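# Overview (structure and organization)
Spelled out from the first residue to the last, the chains are:
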Amino acid sequence: MSVDTATVKRVARLARIALAEGEAEAMRGELNAILGFVEQLAEVDVTGVEPMTSVQPMAMKQREDAVTDGFYAADVIANAPVRDDGFFTVPKVVE
Amino acid sequence: MTIAVRPPDPKKLIKGATGDWEVVVGMEVHAQVTSKAKLFSGASTEFGGEPNSHVSFVDAAMPGMLPVINAECVAQAVRTGLGLRAEINKRSVFDRKNYFYPDLPQGYQISQYKQPIVGEGEVIVDLSDGTSFTVGIERLHLEQDAGKSLHDQHATMSFVDLNRSGVALMEIVSRPDLRSAEEARAYLTKLRTILRYLGTCDGNMEEGSLRADVNVSVRRPGDPLGTRCEIKNVNSIRFVGQAVEVEARRQIGVLEDGGTIEQETRLFDPGRGETRPMRSKEEAHDYRYFPDPDLLPLEFTDAWVEALQGALPELPDAKKARFVADYGLSPYDAGVLVAERVSADYFEAVAKGRDAKAAANWVINELFGRLNKDGKALDESPISAAQLGGLIDLVADGTISGKIAKDLFEILWTEGGDPRQVVEARGLRQVTDTGAIEKTIDEVIAANPDKVEQAKAKPTLMGWFVGQVMKASGGKANPQAVNDILKRKLGLE
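This report concerns the structure included in the present document. (Residues numbered from 1 in each chain as written. Chains lettered and ligands numbered in written order. Predicted model: local features only at pLDDT ≥ 70, side-chain atom pairs only at ≥ 80, totals over all residues. Heavy atoms only, no water.)

With antiparallel pairing, four strands are arranged side by side in an open sheet as 2(A)-3(A)-10(B)-9(B). Where the open sheet ends on each side, the last strands, each with one partner, are strand 2 (83-84) of chain A together with strand 9 (148-150) of chain B. (Pairing = 2+ DSSP bridges. Helix = DSSP H or I, 4+ residues; strand = E, 2+ residues; numbered from the N terminus.)

Right under this line is the structure:
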């Protein structure tokens, strides 16, 4: 698998990463090198092997339905660059 | 599961300028799971609250915070699946659905993509003409809700409140089995009823607990499916009907003018009665789903599912069938009564040990009618099931006439009290003493000799005499006795 420059630009846009002119081309080379490296895994024959989701055979941890967290709005918004009256505020987005 | 193909119903087709069209509708319903805490955090799900107060660092997507699933939300999804007679998947997987929006702090929504918790099921939908049809359910999956953006607080800024961020939602996806605006409304109504019976979603549409994305397409009867448009976030049952109506009309207009329908996402504007395209569609959605590496697959046992199944309440379809079979109600009346669990319970309390049809009649026609008139819900009813039952007993044992019963109902509604005591205190008891009735009849006859003559030629005038006698007795005369004696006295036997 390899990517072309258009794909690199598209992925960057989806991830909201700004790429300057020329950077996409360099990034294409880097990404293709990484993809080529990872592709070596495809050489392993995994026919009939279930995908592994955990090294240890364990079940997903679950929590009880109880309110144990929250009620610290000031902390939640403390790092927001802009805030107003307990809300995060962002440049207007309207559909 | 076989997909039933519904032949086009001529009554449901829409007339266009160039012939008939069939509208095809499917729905994705987002139902907020009833739970105390969120899907992956211990923050409260309570509606309202100060902005960003029902938010944990998990919901705010602070670095290093990890999701831990709420077991009750899983149980609620399984209960809902069982209520939809659906396949329950004992192993399901959570995926990340990636997109950017200010009210989605993670930059992705944890959802289920290829392996949802619930598979195919069905909903039996009842229409107002008494007929029913089946809507296929494709799947139900668990996912997180996003936060809320307010756009009207400031000229240039949007305000973001994350209280809803991370609340558990069930997305319930139907097959495109609906063929009219009425069917779409009826489906959502029935789904809401089932969820409320199960207690898995409160169905409160004003608070956004239930929202629908409506997929609409049109085609010539018998043709393959047309291109669909998705109308996002419709938040009332009435609007679902209106949205289907106007969107079908719009598509028919485009097609009849020789145009083509573009697959797109649209918004319904109830004020203008139109749908319009959402602006942010330049870039096709690419959510780049992948399994969430923070969460192991969700697994549970048959025994656990069976325990949930065993504890389910009686659901509306079963209750309706029982009301028809055990109480002899019409399917329509049974359907009205089971639409809400509280109505069904109220009816059963009234009907216990009494004539069930009379009970249904009083509950549906008098009580629901009166509640409606005053804009009250059943739990605000001034008349309890015991009072209404007492009133019915008084009619059944002949203490009061049907007409007086309606007056008594009004007294109980406005003033309350024990029905039997009210009847005694106000002298509403029916007069069955034939002597007293005869006396009243004689007076009426004596006062109207001309009418007596006419009645001999025109026996329908009897009704006028009955009315006069009832009026003279203040509605308390036993109507049967009045009829019998009048017939005899007027020589109409």
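Here the focus is unusual backbone geometry. The backbone of Arg16(A) sits at a positive phi, close to 55°, despite the residue not being glycine. With respect to the helices and strands, Arg16(A) occurs in the loop between helix 1 (5-14) and helix 2 (23-39). A relative accessible area of 47% places Arg16(A) in the partly exposed class. Positive phi, close to 55°, is recorded for Asn233(B), a residue that is not glycine. Considering the arrangement of structural elements, one finds Asn233(B) in strand 13 (residues 229-234). (Buried < 20%, exposed > 50% of the residue type's maximum accessible area, 1.4 Å probe, protein only.)

Next up on the list: a nonpolar patch on the surface. All names here are of chain A. A surface patch of nonpolar side chains, amounting to about 570 Å² of accessible area, comprises Met 27, Leu 31, Ile 34, Phe 37, Val 38 and Leu 41. Topologically, Val 38 is positioned in helix 2. Classification of Val 38 by relative accessible area gives partly exposed; the value is 42%. (Patch = residues over 30% accessible without salt bridge, like charges linked within 9 Å, V, L, I, M, F, W, Y side chains within 5 Å. Areas by Shrake-Rupley, 256 points an atom, 1.4 Å probe, with all protein chains shown as cover. Salt bridge = Lys/Arg side-chain N within 4 Å of Asp/Glu carboxyl O.)

Looking now at the sheet that holds strand 5 (residues 95-98) of chain B. All names here are of chain B. A sheet is described by the order of its strands in space; here three strands give the open sequence 6-5-16, paired in antiparallel fashion. Because the sheet does not close on itself, it has two edges, and the strands there are strand 6 (108-111) and strand 16 (290-291). Looking at chain direction, strand 5 and strand 16 are connected through two bridges and run antiparallel. Bridging across to strand 16, Asp 95 finds its partner in Pro 291.

Moving on, we get to the packing of aromatic side chains. Residue and element names in this part refer to chain B. A complete count under the given rule lists 14 aromatic pairs over all chains for this structure. Here Tyr 113 and Tyr 289 contribute two aromatic rings whose centre-to-centre distance is 3.7 Å and whose plane-to-plane angle is 5°, an arrangement assigned as stacked. Pair noted here: Tyr 113 is in the loop between strand 6 and strand 7 (121-126) and Tyr 289 is in the loop between strand 15 (274-277) and strand 16, with a separation of 176 residues, a long-range link. With relative accessibility at 37%, the residue Tyr 113 sits in the partly exposed group. Arranged with centres 5.3 Å apart and planes meeting at 75°, the rings of Phe 323 and Tyr 327 form a pair that is edge-to-face. Of the two residues, Phe 323 and Tyr 327 are both situated in helix 5 (residues 316-327); the distance of four residues between them amounts to about one turn of the helix. We classify Phe 323 as buried; its relative accessible area is 0%. By relative accessible area, which is 21% here, Tyr 327 ends up partly exposed. Within the aromatic cluster, the residues linked to one another by ring pairs are Tyr 99, Tyr 113, Tyr 287 and Tyr 289. Here Lys 97 stacks its cationic end above the ring of Tyr 287, 4.4 Å away from the centre of that ring. In this arrangement the basic side chain of Arg 220 is found over the ring face of Trp 21, its NZ or CZ atom lying 3.8 Å from the centre. (Phe/Tyr/Trp six-rings, centres within 6.5 Å; stacked < 30°, edge-to-face > 60°. Lys NZ or Arg CZ within 6 Å of the ring centre and 35° of its normal.)

With 39 residues of chain A at the interface, the matching set in chain B holds 49 residues. Summed over both partners, the interface of chain A with chain B comes to about 4100 Å²; 60% of that surface belongs to carbon and sulfur atoms. Inspection of the chain A/chain B interface yields one salt bridge. Residue Asp286(B) pairs with Arg10(A) through a salt bridge whose shortest N-O separation is 2.5 Å. At the boundary of chain A and chain B, one finds 21 residue pairs in polar contact (both at pLDDT 80 or more). (Contact = heavy atoms within 4.5 Å. Buried area = accessible area lost by both parts, 1.4 Å probe. Polar contact = N/O pair within 3.5 Å; in protein donor to acceptor, adjacent residues only side chain to side chain.)

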